[in-house]
Amino acid sequence: MATAAESSYRVRVVDESHVAPPRGSVSPTTIPLTFLDMVWISISPTQRIFFYEFPDISTPHFTQNIYPNLKHSLSLTLRHFFPFAANLTCPPPPNHPYISYKEGDSVLVSVAESDYDFDHLTANQARDNNAFHQSLVPKLPTPSLLSEETHAVPTMAVQFTVFPNSGFSIGIAFNHVAADGRSFNHFVKSWASMSVTHRLGDLPCHDKDLVQDPEGIASIYLNDWRNFLKNCSAPSSADSGNGVTPPAVVPQEKVRLTLVLGRAEIEKLKQLVVAATQTQSEPAAARISTYVVTCAFIWVLWMKIQESKEGTTGGHLDDDTLSHFIAPADCRGRLGLPFPPTYFGNCLAQISGSAKRSELMGSNGIVVAAKVIGRAICKLEKGPLTGAENSMSHFIEKLKMPSLLVTVAGSPKFRVYDTDFGWGKPKKSEVGHIGHGSFSLNECRDEEGGVEIGLVIGRQQLDFFNAIIEHARAEYSMIG
């Protein structure tokens, strides 16, 4: 059950406007989607929230003294990151979607006021997930019809939410087809820099010709998605029939938690895995990183939570049932690929691995998970885009069994707590769209080398979750 404080909060929109690049600064542009973009064509919007502490703030003070500079600096930043002011244009099959920008295209920006407890919202304990998923992040504007069978979908929206006498948040929703996490991180840090110093750092590279596709993988991916969505039982209300706009899935009766693994705890996990692999000539042993052991820990944790949801020790799953782990991996700078660090768009390969339920639920579950993830990373480094023509169909097959799929959003490498608009580091940063088997990773705000893990679970699973974490911490504190 929701607490009284959680069930009674209000969020009230007090202002809406549109922010565009400066007039005449961007020529009308059409950007084709590469096969690396097409991976994300039917994924619901990505959501990121930054919370900033500001004890004496009021809504009038924000709108009069802070908001104008944020809008002006956003406009100047969009001149160089114009795909976020553009639209995803979706013509009917067999035509491919594309991103188009014309003079006057803009980002919807809103200001809201909330009486929610700011300190509770930015804490680590269980909080109402709807506050994040629905209230503090804007919905992308409704698609507009360009013709009877073609519609245009905005790629970004921004919402500032003021918590009087406490602080405010910046909630951003964007279409993943326009940019991956690294490109978005580049954008938001550039916006912060423009807001404070009136200067940008490295400019984005928009050269889509860097992505070669002689095998027509973009068409394969698009057809895979269209065929999948055609068989979905719940079509999107925003879909005009071309099969590229998915229904958004909103978690109900869920709570959000932040689990913090400190540097010492992560080192204990590494020791556990290394000790189990050093006598087995495992190539994965060289890949026992913070990322690997953190993901392994959460993969096993998620399997246990899923089984508690079934209400049995084994549920309907037998020991040979496979559980799947999928995470994005940045291809920029990898051997043999031409992408510069500032490449804007999607430049992600897939870390993918599977393990039997009995192995993950056993006493060495974290070791098994870490070895699977480590092997997948080693395989990726030999050729990050090898077999790319089949990766979408494999991913879609796994989507059909969501309870057996674990995915990752975000990365500690993004350094989200370095996003400084002039008020210091955020008090908290959250990924809004997680849930249904996905979790988020940030670097730890207050301890170098630590990791913050964002999770969304059912309220009824909270006691079980806390018991698992308490047991795990007691067990791993004895390692070494």
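**Q** Outline the sheet that holds strand β5 (residues 98–101), listing residues and values.
**A** Within a sheet, adjacent strands bond to each other through the backbone by hydrogen bonds, running parallel or antiparallel. The strand order across the open sheet formed by five strands is β2-β5-β4-β9-β8, and the pairing between neighbours is antiparallel. The open sheet has two free edges, formed respectively by β2 (29–32) and β8 (144–145), since each of these has just one partner strand. Pairing geometry for β2 and β5, over four bridges, is antiparallel. Looking at β5, one finds that P32 is bridged to Y98.

**Q** Quick one: what's the story with the packing of helix α7 (residues 217–230) against helix α12 (residues 388–399), residue by residue and with numbers?
**A** Contact geometry of α7 with α12 gives a least axis separation of 8 Å together with a crossing angle of 15°. Classified by the interaxial angle, the pair formed by α7 and α12 is roughly parallel. When you trace α7 past α12, the crossing you get is right-handed. In this structure, α7 uses I217, I220, Y221, D224, W225 and F228 to contact α12, whose residues at the interface are A388, E389, S391, M392, S393, F395, I396 and L399. Partitioning the contact of α7 with α12 into residue classes produces 10 nonpolar, two polar and two charged.

**Q** Run through the environment of R79, naming residues and quoting values.
**A** Within the fold, R79 resides in the loop between α3 (59–78) and β4 (87–90). Of the residues examined, R79 reaches a relative accessible area of 43% and is grouped as partly exposed. Each C-alpha atom of the pair R79 and A20 lies 8.2 Å from the other, and the pair is 59 residues apart in sequence. If we ignore the near neighbours within four places in the chain, the residues touching R79 are P21, P22, S25 and V26.

**Q** Explain the packing of α3 against helix α6 (residues 181–197) to me, using residue names and the numbers behind them.
**A** It is the contact of α3 with α6, at a shortest axis distance of 8 Å, that shows an interaxial angle of 125°. One way to sum up the angle between α3 and α6 is to call them oblique. α6 is crossed by α3, and the crossing has right-handed handedness. Along the contact surface, α3 presents N69, L70, S73, L74, L76, T77 and L78, while α6 presents F187, S190, W191, M194 and S195. Looking at the contact of α3 with α6 residue by residue, the class counts come to seven nonpolar, five polar and no charged.

Each value, and the rule that gives it
Residues numbered from 1 in each chain as written. Predicted model: local features only at pLDDT ≥ 70, side-chain atom pairs only at ≥ 80, totals over all residues. Heavy atoms only, no water. Pairing = 2+ DSSP bridges. Helix = DSSP H or I, 4+ residues; strand = E, 2+ residues; numbered from the N terminus. Axes fitted to C-alpha atoms, helices over the stretch in contact; angles between N-to-C directions. Parallel < 35°, antiparallel > 145°, perpendicular 65-115°, else oblique. Left-handed = near helix turned anticlockwise from the far one by under 90°. Contact = heavy atoms within 4.5 Å. Nonpolar A, V, L, I, M, F, W, Y, C, P; charged D, E, K, R; others polar. Buried < 20%, exposed > 50% of the residue type's maximum accessible area, 1.4 Å probe, protein only.

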